[in-house]
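Structure at a glance
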Amino acid sequence: QVQLVDSGGGLVQPGGSLKLSCATFGRPFGIYVMGWFRQAAGKERLFLAAIRWIDDITYYADSVKGRFTISRDNAKNTVYLQMNSLKPEDTAIYYCATATSLSVWHGRGHRDANEYEYWGQGTQVTVSS
């Protein structure tokens, strides 16, 4: 059974930076992808970024491309989301997740939250003056 623990959220001013972490326990065998999503109050859960664990291939949502960077640390079984130039509209609960489907692996279904099997508990990010 896979367990994900995401952390690093907090309060930051517009234009500031924040780095989220997602520690993975019981990582599944075979090919898989780690992703980051966010969900604002009253809104649907939206894809942000994903990384293929074994070869470091990454995918990004257009809304965060150039501002957010996803990365991994194999030794620590941890994935990160570096967030720069934060805006008030970035305020949301941020979740990490794991996907094993081929559609996610090949960069086709990676934006669909329903394709991800395991989720972290979420960490709150608030961007405000």
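That block above? That's the structure.
Residues numbered from 1 in each chain as written. Predicted model: local features only at pLDDT ≥ 70, side-chain atom pairs only at ≥ 80, totals over all residues. Heavy atoms only, no water.

1. Quick look at the pattern of salt bridges
- Per the stated rule, a full pass over the model turns up five salt bridges.
- Ionic pairing is found between R72 and D56, a salt bridge with its closest N-O pair at 3.6 Å. Placement of R72 in strand β7 (residues 68-73) and of D56 in the loop between β5 (46-52) and β6 (58-60) is noted, with a sequence separation of 16 residues between them.
- Accessibility expressed as a relative area gives 40% for D56, which makes it partly exposed.
- A salt bridge links K65 to D62; its shortest N-O distance comes to 3.6 Å. An identical accessibility class is assigned to K65 and D62; each is exposed. (Salt bridge = Lys/Arg side-chain N within 4 Å of Asp/Glu carboxyl O. Helix = DSSP H or I, 4+ residues; strand = E, 2+ residues; numbered from the N terminus. Buried < 20%, exposed > 50% of the residue type's maximum accessible area, 1.4 Å probe, protein only.)

2. Observations concerning the sheet that holds strand β1 (residues 3-7)
- The sheet built from four strands is open, its strands ordered β1-β3-β8-β7 with antiparallel pairing. If you trace the sheet from one side to the other, it starts and ends with β1 and β7, each paired once. Across the sheet, the mean angle separating the axes of adjacent strands is 15 degrees when strand polarity is ignored.
- Note: β1 against strand β3 (residues 18-25), five bridges, orientation antiparallel. Counted as the bridge partner of S7 is S21 from β3. (Pairing = 2+ DSSP bridges. Axes fitted to C-alpha atoms, helices over the stretch in contact; angles between N-to-C directions.)

3. Thoughts on the pairing of strand β9 (residues 92-99)
- In terms of burial, β9 is a largely internal element, seven of the eight residues being buried.
- Here strand β4 (residues 33-39) runs beside β9; their pairing, made up of seven bridges, is antiparallel. Each residue of the ladder has a partner; that of G35, found in β9, is A97.
- Where β9 lies against strand β10 (residues 118-119), two bridges are found, and the strand directions are antiparallel. Paired with T98 across the bridge in β10 is Y118.

4. Quick notes on the environment of A92
- In this structure, A92 sits in strand β9.
- Since its relative accessible area comes to 5%, A92 is described here as buried.
- Separated by 66 residues in sequence, A92 and G26 have C-alpha atoms that sit 27 Å apart.
- Discounting chain neighbours no more than four positions away, the residues touching A92 are R38, Q39, A40, T123, Q124 and V125. (Contact = heavy atoms within 4.5 Å.)

5. A few points about the side chain of D6
- Among the structural elements, D6 can be located in strand β1.
- No salt bridge is formed by the buried D6, whose closest oppositely charged neighbour, R45, lies at an N-O distance of 8.1 Å.
- Looking at D6, its side chain comes within polar contact range of the main-chain nitrogen of C96, at 3.2 Å.
- Apart from residues no more than four positions distant in its own chain, D6 is found in contact with S21, C22, W36, Y94, Y95, C96, G120, Q121, G122 and T123. (Lys, Arg positive; Asp, Glu negative; His and termini not counted. Polar contact = N/O pair within 3.5 Å; in protein donor to acceptor, adjacent residues only side chain to side chain.)

6. A word on the nonpolar core
- Counting residues in hydrophobic clusters, the biggest one holds 37 residues, and the most contacted among them are W36, L81, M83 and Y94.
- Looking at this core, the elements that each hand over two or more residues are β3, β4, β5, β7, β8 (78-83), β9, α1 (102-105) and β11 (123-127).
- With residues up to four places along the chain from it excluded, the contact list for M83 reads G16, S17, L18, L20, R67, F68, Y94 and V125. (Core = buried A, V, L, I, M, F, W, Y, C linked by side-chain atoms within 4.5 Å.)

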